[in-house]
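So you can see what is in the structure, the chains are spelled out below.
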Amino acid sequence: MKRHFDDSLADLRQRILRMGALVEGQIRQALIALTDRDDLVANQVIQNDRQVNTMDVAIDELCLELLALHQPAAKDLRFVTTAMKISTELERMSDLAENICERALELHTEPQLKPYIDIPLMAERAIKMVGEALDAFVRGDSVLARQVLKEDDYVDELNEQIFRELLSFMMENPQTISRGIRLSFISKYIERIADHATNVAELVVYMVEGKIIRHMIPT
């Protein structure tokens, strides 16, 4: 029975990794769809979100089965419950990548408002945070998880900077309003992806240290 439980935990870890890799790819492809004005890529991301949803449901079912059949305790219990919550965070990130593509498709019907510089910087940092948070989960590394928490400030600052810049565009020329609003939405979506990566990192700290640090100042 113990061998079967250990195998199931290893399977759960691998499922989270596969889902995380797919979601990272979704975010990267969403950025490409925007910057390259590629409708085909955008539509592929939207379609792939169904696969992420399917993986989320399967992980939930496995976690519930592990909890019901094996009644894990202590560290194993924290691992299973953390994996279940991380799956939800990843599913929401994929939803946000889909949202980026929906706005990108709308933007592609009009001339590009401005060169995309800060939005790709934001996206790359958010993707880095997602990858590091997942690495921290797999390695059980709360130090790396806490580092992810500190990186969120950079994304927040870029989001505010982008909003101010877009606001100035819209105030100077009302014809840019629809494009400016859509780009501000995209910036906010990326900021939310970083927030979800932060949530994953907080969950990892709980898993490793048994400490709940949500809504607290990172240390």
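Above this note sits the structure.
Residues numbered from 1 in each chain as written. Predicted model: local features only at pLDDT ≥ 70, side-chain atom pairs only at ≥ 80, totals over all residues. Heavy atoms only, no water.

**Q** What should I look at first to understand the nonpolar core in this one?
**A** Note on soluble globular proteins: their nonpolar side chains tend to be buried together. Formed by 69 residues in total, the largest nonpolar core has its most connected members in Leu12 and Ile186. Secondary-structure elements contributing two or more residues to this core are helix 1 (2–35), helix 2 (39–70), helix 3 (74–107), helix 4 (118–139), helix 5 (142–172) and helix 6 (177–209). A total of 13 residues in this core trace back to one element, the largest contributor, which is helix 6. With near-sequence residues (within four places) excluded, Leu12 lies in contact with Ile59, Leu62, Cys63, Leu66, Phe79, Val80 and Ala83. (Core = buried A, V, L, I, M, F, W, Y, C linked by side-chain atoms within 4.5 Å. Buried < 20%, exposed > 50% of the residue type's maximum accessible area, 1.4 Å probe, protein only. Helix = DSSP H or I, 4+ residues; strand = E, 2+ residues; numbered from the N terminus. Contact = heavy atoms within 4.5 Å.)

**Q** I would appreciate a short explanation of empty space enclosed by the protein in the present structure.
**A** Where empty space is left can be seen by rolling a probe of water-molecule size over the atoms. Overall, the coordinates contain two cavities of 30 Å³ or more when judged by the stated rule. Its boundaries defined by the atoms lining it, the largest cavity holds a volume of some 70 Å³. Lys114, Pro115, Tyr116, Ile117, Asp118, Ile119, Ile162, Glu165, Leu166 and Leu183 are the residues that line the largest cavity. Taken together, the elements giving at least two residues each to the lining of the largest cavity come down to helix 4 and helix 5. (1 Å grid on protein atoms, 1.4 Å probe; cavity = no way out; pocket = protein on both sides within 12 Å on 5 of 7 lines; lining within 4 Å. Points joined across faces, edges and corners; volume = space filled by probe spheres on them.)

**Q** Looking at this structure, I do not really get the packing of helix 4 against helix 5. What am I missing?
**A** Look at helix 4 against helix 5: their axes get within 9 Å of each other, and the N-to-C directions meet at 165°. In terms of orientation, helix 4 lies roughly antiparallel with respect to helix 5. The chirality of how helix 4 crosses helix 5 is left-handed. In the contact of helix 4 with helix 5, the residues fall into 14 nonpolar, two polar and nine charged. (Axes fitted to C-alpha atoms, helices over the stretch in contact; angles between N-to-C directions. Parallel < 35°, antiparallel > 145°, perpendicular 65-115°, else oblique. Left-handed = near helix turned anticlockwise from the far one by under 90°. Nonpolar A, V, L, I, M, F, W, Y, C, P; charged D, E, K, R; others polar.)

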